[in-house]
Amino acid sequence: MGNTANSRASRIVAVMVSIVFIGAILVPVTANILKINPEVPLQESDTNPMPSFSMDFPTVGQVIYKLRRNWLDRNFGLRRVLVRWEQLLDVRVLKASMPWDPVLAGNDDWLYLAQENPQLNVVNDWRVTVPLTPGQLDIWVNIFRTRRDWLAEKGIRYMVVVAPNKVSIYPDYIPKRFTKARPFNKMDQMVQALTSAGIDVVDLRPALREARANGTAFYRTDSHWTPFGAFFAYQEIASRLQKYFPNLKPAPLSDYAVGERPGLKGGLAGMIAMSDIYTENVVTMEPLSPRKARETTGREAGLNEFQPLSIYENEDASLPRTVVLRDSFVHEVIPFLAEHFSRMVFVWPFPTDAVHVRGFKPQIILDEKPDIVIDEFVERYFTQPPPPSALPMEQ
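Owing to the predicted nature of the structure, the values given are computational and were not obtained by experimental measurement. (Residues numbered from 1 in each chain as written. Predicted model: local features only at pLDDT ≥ 70, side-chain atom pairs only at ≥ 80, totals over all residues. Heavy atoms only, no water.)

1. Observations concerning the overall build of the protein
Quick reminder of the rule: Only runs of H or I of at least four residues qualify as helices and only runs of E of at least two qualify as strands under DSSP, and these elements are numbered from the N terminus. Only protein chains enter the calculation, and the probe is 1.4 Å; a residue is then buried if its accessible area is under 20% of its type maximum, exposed if over 50%, and partly exposed in between. Contacts are residue-level and defined by heavy atoms, with any inter-residue pair within 4.5 Å sufficient. What sets the accessible areas is the Shrake-Rupley method with a 1.4 Å probe; for residues, cover comes only from the shown protein chains. A residue counts as positive if it is Lys or Arg and as negative if it is Asp or Glu; His and the chain ends are not included. Lysine's charge is taken at NZ, arginine's at CZ, aspartate's at CG and glutamate's at CD.
Along its length, the protein carries 14 helices and 13 strands. When burial is assessed residue by residue, the protein has 46% of its 395 residues classed as buried. Once local pairs closer than 6 in sequence are excluded, the contacts in the protein between residues at least 24 apart make up 71%. As displayed, the protein has an accessible area near 20800 Å², and 57% of this comes from carbon and sulfur atoms. Here the protein carries 44 positive and 44 negative side-chain charges, and the mean point of each set is 5 Å from the other.

2. Describing the packing of helix H9 (residues 205-214) against helix H10 (residues 227-241)
What counts here: For helices, the axis comes from a line fit to the C-alpha atoms of the stretch in contact; other axes are also lines fit to C-alpha atoms, and the angle between any two N-to-C directions lies between 0 and 180 degrees. An angle counts as roughly parallel when it lies under 35 degrees, as roughly antiparallel when it exceeds 145, as roughly perpendicular when it falls between 65 and 115, and as oblique in every other case. Whether a crossing is left-handed or right-handed is set by the direction in which the near helix is turned from the far one by less than a right angle, anticlockwise for left-handed and clockwise for right-handed. All residues other than Ala, Val, Leu, Ile, Met, Phe, Trp, Tyr, Cys, Pro, Asp, Glu, Lys and Arg, Gly among them, are scored as polar; the first ten of these are nonpolar and the last four charged.
Remark: H9 packs on H10, axes separated minimally by 8 Å, with the N-to-C direction vectors making an angle of 140°. Of the possible angle classes, the one that applies to H9 and H10 is oblique. For H9 against H10, the interelement crossing comes out right-handed. Touching Ala207, Leu208, Glu210, Ala211 and Asn214 of H9 are Phe228, Gly229, Phe232, Ala233 and Glu236, all from H10. The residue makeup of the contact of H9 with H10, split by class, is 6 nonpolar, 2 polar and 2 charged.

3. Brief notes about empty space enclosed by the protein
Rolled over the atoms, a probe as big as a water molecule pinpoints where empty space is left. Let me state the cut-off plainly: Put simply, the grid is 1 Å and covers the protein atoms alone, a cavity is a trapped set of points that fit a 1.4 Å probe, a pocket is an open set with protein on both sides within 12 Å along at least five of seven lines, and lining residues have an atom within 4 Å of a point. Grid points are joined across faces, edges and corners, and a volume is the space filled by probe spheres set on the points.
A full pass over the atoms with the stated rule returns 3 cavities of 30 Å³ or more. Taken as a whole, the largest cavity spans an internal volume of roughly 120 Å³. In terms of lining, the largest cavity is formed by 14 residues, of which the most central are Ile237, Val330, Val333, Leu337 and Glu376. Those elements giving two or more residues to the lining of the largest cavity turn out to be strand E5 (157-163), helix H12 (334-337), strand E12 (343-349) and strand E13 (372-378). Considered class by class, the residues forming the lining of the largest cavity number 13 nonpolar, no polar and 1 charged. The space that makes up the second largest cavity amounts to roughly 70 Å³. Taken together, Tyr112, Leu113, Val122, Val123, Asn165, Lys166, Val167, Ser223 and Arg380 make up the full set of residues lining the second largest cavity. When residues of the lining of the second largest cavity are traced back to their parent elements, those giving at least two are strand E2 (111-113), helix H5 (122-127) and helix H7 (166-169). Of the residues assigned to the lining of the second largest cavity, the class counts are 5 nonpolar, 2 polar and 2 charged.

4. Description of a nonpolar patch on the surface
Rules: Residues form patches when they are more than 30% accessible in relative terms and have no salt bridge. Like charges link within 9 Å. Nonpolar side chains (Val, Leu, Ile, Met, Phe, Trp, Tyr) link within 5 Å. A carboxyl oxygen of Asp or Glu within 4 Å of a side-chain nitrogen of Lys or Arg is what we treat as a salt bridge.
There is a patch of nonpolar side chains on the surface, built from Phe21, Ile22, Ile25 and Leu26 and spanning about 400 Å² of accessible area. Summarising the element assignment, phenylalanine 21 is placed in helix H1 (residues 2-33). On the basis of relative accessible area, phenylalanine 21 is assigned to the exposed category, the value being 54%.

5. Description of the pairing of E13
Convention followed: Pairs of strands are assigned from DSSP output, requiring at least two bridges between the strands.
Of all the 7 residues making up E13, 7 are buried; the element is thus mostly covered by neighbouring parts of the structure. Side chains Ile372, Ile374, Glu376 and Val378 project from E13 onto one buried face, and the interleaved Val373, Asp375 and Phe377 project onto a second face that is buried too. Here E5 runs beside E13; their pairing, made up of 7 bridges, is parallel. Paired with tyrosine 158 across the two strands is valine 373, which belongs to E13.

6. What to know about the environment of arginine 157
Here arginine 157 is to be found in strand E5. Separated by 52 residues in sequence, arginine 157 and arginine 209 place their C-alpha atoms 28 Å apart. With near-sequence residues (within four places) excluded, arginine 157 lies in contact with Leu151, Tyr244, Phe245, Asp371, Ile372 and Val373.

7. Brief notes about the nonpolar core
Which entries qualify depends on this criterion: By nonpolar core is meant a set of buried Ala, Val, Leu, Ile, Met, Phe, Trp, Tyr and Cys residues that side-chain atoms within 4.5 Å join together.
Judged by nonpolar contacts, the single largest core of 69 residues is most densely connected at Leu208, Trp225 and Leu241. Per-element tally for this core: the top contributor is H10, with 9 residues. Setting aside chain neighbours within four positions, we find leucine 208 in contact with Pro164, Ile169, Ala217, Phe218, Trp225, Gly229 and Ala233. If you look at the next biggest cluster of nonpolar residues, it comprises 34 residues, including Met187, Met190, Leu194 and Leu309.

8. A look at the pattern of salt bridges
Under the counting rule described, the total for this entry stands at 15 salt bridges. In this structure, aspartate 200 engages lysine 243 in a salt bridge whose closest nitrogen and oxygen atoms are separated by 3.1 Å. With aspartate 200 in the loop between helix H8 (186-196) and strand E6 (201-203) and lysine 243 in the loop between H10 and strand E7 (256-264), this residue pair connects regions lying 43 residues apart in the sequence. Note that glutamate 368 is salt-bridged to arginine 321, the shortest N-O span being 3.4 Å. Remark: arginine 321 occurs in strand E11 (residues 321-325) and glutamate 368 occurs in helix H13 (residues 362-368); sequence separation between them is 47 residues. Taking the relative accessible area as the measure of exposure, glutamate 368 reaches 15% and is therefore buried. Through salt bridges with shared partners, one network takes in Glu313, Arg321, Arg343 and Glu368.

9. Comments concerning the packing of aromatic side chains
Two numbers describe a pair of aromatic rings. These are the distance of the centres and the angle of the planes. Just so we agree on the cut-off: Ring geometry is summarised as follows: Phe, Tyr and Trp rings, the Trp one being its six-membered ring, pair when their centres sit within 6.5 Å, and such pairs are stacked at plane angles under 30 degrees, edge-to-face over 60 and tilted between the two. Two thresholds decide whether a charge sits over a ring: the Lys NZ or Arg CZ must be within 6 Å of the ring centre and within 35 degrees of the ring normal.
With the rule as written, the count across this model stands at 22 aromatic pairs. Ring centres of tryptophan 150 and phenylalanine 360 lie 6.2 Å apart, and the angle between their planes is 75°; this geometry places the pair in the edge-to-face category. In this pair, tryptophan 150 is assigned in helix H6 (residues 134-153) and phenylalanine 360 in the loop between E12 and H13, connecting sequence segments 210 residues apart. Judged by its relative accessible area of 18%, tryptophan 150 falls in the buried class. A relative accessible area of 0% means that phenylalanine 360 is categorised as buried. Between tyrosine 256 and phenylalanine 336, the ring centres sit 5.2 Å apart and the planes meet at 85°, which makes this aromatic pair edge-to-face. Note that tyrosine 256 is positioned in strand E7 and phenylalanine 336 in helix H12, a separation of 80 residues in sequence. Across the pair, phenylalanine 336 and tyrosine 256 agree in class, each one buried. Taken together through their ring pairs, the aromatic side chains of Trp110, Tyr170, Tyr173, Phe218, Trp225 and Phe329 make up a single cluster. A cation sits over an aromatic face here: arginine 92 above tyrosine 278, 5.0 Å from the ring centre. A cation over a ring is seen here: arginine 380 above tyrosine 381, with NZ or CZ 4.9 Å from the ring centre.

Structural data, given as structure tokens:
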């Protein structure tokens with residue numbers, strides 16, 4: 001009698017588990033069919049739509065290509081809801097955020113970019129788990145020296161500018177269990193190696209620490225500096241440019257009204273689908289007198305360029321001209337720096353990755369004939385180990 005009851009109970013449990021399992025599988029499929037897609041503040045790039053099906057070879061090829069590029073993963077029913085639930089469980093309930101996640105949740109609701117891609121981990125770089133080797137430093141020095149010498153032959157000056165990672169300015173909100181392995185980091189190694197080789201390198205870490213001492217240098221829920229932090233970066237860059245252009249005088253902070261307004265959609269908060277939980281104000285820097293520089297027509301993004309080329313011009317033709325090879329950190333610096341140049345051309349190449357070094361765009365430089373080329377990097381792209389294909393002068 002007892003065995004019969006146990007067997008019946010086991011069958012009931014098995015049936016219930018099967019129903020739950022099948023239901024869990026069918027719910028996303030049903031959501032896709034019924035187009036149930038609740039709004040979730042998850043920041044991610046949109047996937048291109050699947051082409052209309054036909055049996056011709058190009059269409060089949062496109063379908064296979066999109067399937068291989070994670071189309072199914074990105075279009076899984078209720079995906080955004082499930083991502084948010086997973087992040088809420090890991091970050092808010094279990095406090096299990098780790099450096100190998102895309103975003104590391106720090107103390108006091110500070111968020112940090114961590115695992116950007118399989119080769120780049122910003123938090124581990126800060127911890128210096130693997131420093132740059134002498135051979136890797138030699139490759140980077142040779143690349144920057146080649147760029148400088150090529151420009152010098154044409155009478156063009158060269159300056160490398162490095163924007164610090166947020167963790168380099170605000171390390172104190174990193175959970176204490178993630179300690180540093182060494183007292184130095186890759187940025188220290190690179191700056192020392194390039195400076196020893198005579199490369200003009202502007203290390204913006206001291207300027208951003210001064211900004212932090214006087215206000216909000218970086219956003220808590222984003223990886224970027226605020227306009228206030230960017231202003232201190234601008235002042236340091238402009239001060240360093242004075243040795244080439246003595247008439248270039250950095251504007252004082254008193255030329256701007258610093259304020260805040262609600263509504264920042266922090267990129268890091270969006271990456272974990274919680275920009276409605278991790279809220280923050282936008283920092284503003286309003287000029288007290290009209291700006292003189294104006295953005296003119298640029299052009300479409302070229303091969304290996306992340307964004308369209310943009311150009312700023314100033315009516316004072318006596319001011320110098322420059323080409324700036326940039327990434328996203330230059331965006332907030334442009335309004336300040338553009339006041340000092342008759343023409344600034346901003347090119348945004350793809351960053352260095354596991355295969356390619358970031359492009360130097362020699363033809364644009366030859367066409368523009370600038371007085372100086374500014375090669376700007378954020379720290380995490382500046383301190384990457386050189387890829388095997390690194391060449392002295394890449395196109």
